[in-house]
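Letter by letter, the chains look like this.
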Amino acid sequence: MIKFLDLQKINARFETQFQEKFQDFLSLGQYILGEEVSTFESEYAKYCGTKYCIGVSSGLDALQLIFEAYKILGKLEDGDEIIVPANTYIASILAISHKGLKPVLVEPNLETFNINPIEVEKAITPKTKAILGVHLYGKLYDVAALNKISKAYNLLLIEDAAQAHGAVYRDGRKAGNVSNTAAFSFYPTKNLGALGEAGAITTNDSALAEVLYRLRNYGRGTSYKNDYKGYNCRLDEIQAAFLRIKLNYLDEDNNRRREIASRYFQDMNSENVKLPYSKDLNEHVFHLFVVRSRRREELKDYLYKNGIETFVHYPIPTHKQKAYQGLNNQKYPITEKIHKEVLSLPINQLLETQEVEKIVAVISNYK
Ligand SMILES: *Cc1c(COP(=O)(O)O)cnc(C)c1O
């Protein structure tokens, strides 16, 4: 069976380095907000090209802290409308709701799976204060269009970059550096994954960074002076140490994913399987390789019978979830079509060439 993703195998490559780090960690006895966190923050900021990186406890916390910080800075208030793609993972939308803000769901573009700028502009009201763009499946959203809209309507632009570590825009800027501020997740399955929970926020805005460094740590700075009602949302020291090791391999791993994607684009050929958007490969880090099929369940079974494990990202859109009953009567036909038709094929840096060839052949034989 070709596994969709073998996390044990992904991390086995770094075992010796992890063990050395863990030994140092035990000798040092510095467990919380130590040198590994601060060094990772400088290294990840440098990688993304931003002035600041704030290490936090997860991707969801990164998003929530961004909204909270903007409230503290007076740029957002309760009830403000935040535009977000309807087909994102539920975490993006939860962060908005949990902070007393109102998620305004907008349809994506069927080709790129990313938020449709034309629909964004239609959804703007006097209460709209921000756009939460999501680089879904690892592909940058339409950076030029969203920047233009956010400037024209004076809206904050926030990236959910949880799936796009290392994606490069055509002007050379990376995911995390094409908006006001970005949230990253280092959940173990992401392109840059920790061995537990972890996340980060990047920004060039010094006032925002200043609030965030405190907010994640009870609202305090270096002393016991608390200016805000903060949280315990710190990036764990040992996760930062592991992430520092893995960051060195991120570009290489992303390139391997692109290489596999190129092979899929070149040779995969079935009338009943629609391949994803294949242009601007640098803007995509192929966190997922998502195809569409009218007979998705049948395709999934066929692949499984042929030894290929796949997943659906995601089976139920947020507005159809019980948790979001208030949104249930709204219609998002493109989003619903996507959730019915998508299937994620294996794509990770450890897939062997012969496995890639098998996946290509099995799909191409699908009638
Ligand atoms: C993974 C993910 C998150 C949440 O990250 P966690 O670290 O699991 O909290 C948010 N948004 C998107 C798009 C994600 O893929």
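Bear in mind that the values here come from a model prediction, so they are computed numbers and not experimental data.

Student: Where do I start with the packing of aromatic side chains in this structure?
Tutor: Note on aromatic pairs: each is described by the distance of the centres and the angle between the planes. Applying the stated criterion across every chain, the model contains 18 aromatic pairs. With a centroid separation of 5.5 Å and 85° between ring planes, the pair formed by Phe40 and Phe186 is classed as edge-to-face. Separated by 146 residues along the polypeptide, Phe40 in helix α3 (residues 35-48) and Phe186 in the loop between β6 (181-185) and β7 (199-203) bring together distant segments of the chain. There is no split in this pair, since Phe40 and Phe186 are both buried. An aromatic cluster is built from Phe40, Tyr44, Tyr47, Phe184 and Phe186, whose rings are joined through pairwise contacts. We note Lys300 situated over the ring of Phe311; from NZ or CZ to the ring centre the distance is 5.7 Å.

Student: Just checking my understanding: could you explain the packing of helix α2 (residues 15-28) against helix α9 (residues 237-247) for this structure?
Tutor: Two quantities define a packed helix pair, namely the angle between the helix axes and the distance between the axes. In the contact formed by α2 and α9, the axes pass within 10 Å of each other and the chain directions differ by 145°. Classified by chirality, the crossing of α9 by α2 is right-handed. Between α2 and α9, the contacting residues are Gln17, Phe18, Lys21, Phe22 and Phe25 on the first element and Glu237, Ile238, Ala241, Phe242, Arg244, Ile245 and Lys246 on the second. Along the lines of polarity and charge, the residues of the contact of α2 with α9 split into 7 nonpolar, 1 polar and 4 charged.

Student: What am I meant to see in the site of the ligand here?
Tutor: Contacts to the ligand come from Ser58, Gly59, Leu60, Ala91, Ser92, Val134, Asp160, Ala162, Gln163, Ser185, Tyr187 and Lys190. Between Gln163 and the ligand, the recorded distance is 2.8 Å, taken from a side-chain N or O atom to an oxygen atom. Protein chains bury 90% of the 380 Å² of accessible surface belonging to the ligand in isolation. Among the elements of the structure, α4 (59-72) and α5 (90-98) are those that each provide at least two residues to the shell around the ligand. Considered class by class, the residues forming the shell around the ligand number 5 nonpolar, 5 polar and 2 charged.

Student: I'm lost on the pattern of salt bridges in this one. Help?
Tutor: Between side chains of opposite charge, pairing is possible as soon as their charged atoms come close. Under the definition given, this model contains 24 salt bridges. Asp267 is the partner of Arg263 in a salt bridge, and the nearest nitrogen-oxygen pair spans 2.5 Å. Placement of both Arg263 and Asp267 in helix α10 (residues 250-267) is noted, with a separation of 4 residues, approximately one turn of the helix. On the accessibility criterion, Arg263 (26% relative accessible area) is partly exposed. With a relative accessible area of 32%, Asp267 lands in the partly exposed category.

Student: What's the story with the domain arrangement of the chain in this structure? I'm lost.
Tutor: The parts lose accessible area when they come together, and the size of an interface is often stated as this lost area. Each domain of the chain was delimited in the assignment, giving domain 1 (7-247) and domain 2 (250-364). Just the C-alpha atoms count here: the centres of domain 1 and domain 2 sit 24 Å apart. Listed as interface residues are 38 residues of domain 1 and, on the opposing side, 37 residues of domain 2. Interface of domain 1 and domain 2: buried area, both sides summed, is about 3400 Å²; carbon and sulfur atoms make up 58% of it. For the domain 1 face of the interface with domain 2, the top three residues by lost area are Leu110, Tyr137 and Asn191, together amounting to 21%. Here domain 1 is connected to domain 2 by 3 salt bridges. In this structure, Asp253 and Arg13 form a salt bridge, with 3.0 Å as the shortest nitrogen-oxygen distance. The interface formed by domain 1 and domain 2 contains 22 residue pairs in polar contact (both at pLDDT 80 or more). Contributions of two or more residues to the side of domain 1 that touches domain 2 are made by α1 (7-12), α5, β3 (102-106) and α9. Looking at the side of domain 1 that touches domain 2 element by element, the count peaks at 4 residues for α5. Partitioning the side of domain 1 that touches domain 2 into residue classes produces 20 nonpolar, 10 polar and 8 charged.

The rules behind these values
Residues numbered from 1 in each chain as written. Predicted model: local features only at pLDDT ≥ 70, side-chain atom pairs only at ≥ 80, totals over all residues. Heavy atoms only, no water. Phe/Tyr/Trp six-rings, centres within 6.5 Å; stacked < 30°, edge-to-face > 60°. Helix = DSSP H or I, 4+ residues; strand = E, 2+ residues; numbered from the N terminus. Buried < 20%, exposed > 50% of the residue type's maximum accessible area, 1.4 Å probe, protein only. Lys NZ or Arg CZ within 6 Å of the ring centre and 35° of its normal. Axes fitted to C-alpha atoms, helices over the stretch in contact; angles between N-to-C directions. Left-handed = near helix turned anticlockwise from the far one by under 90°. Contact = heavy atoms within 4.5 Å. Nonpolar A, V, L, I, M, F, W, Y, C, P; charged D, E, K, R; others polar. Near = heavy atom within 4 Å. Polar contact = N/O pair within 3.5 Å; in protein donor to acceptor, adjacent residues only side chain to side chain. Areas by Shrake-Rupley, 256 points an atom, 1.4 Å probe, with all protein chains shown as cover. Salt bridge = Lys/Arg side-chain N within 4 Å of Asp/Glu carboxyl O. Domains from an automatic or database assignment. Buried area = accessible area lost by both parts, 1.4 Å probe.

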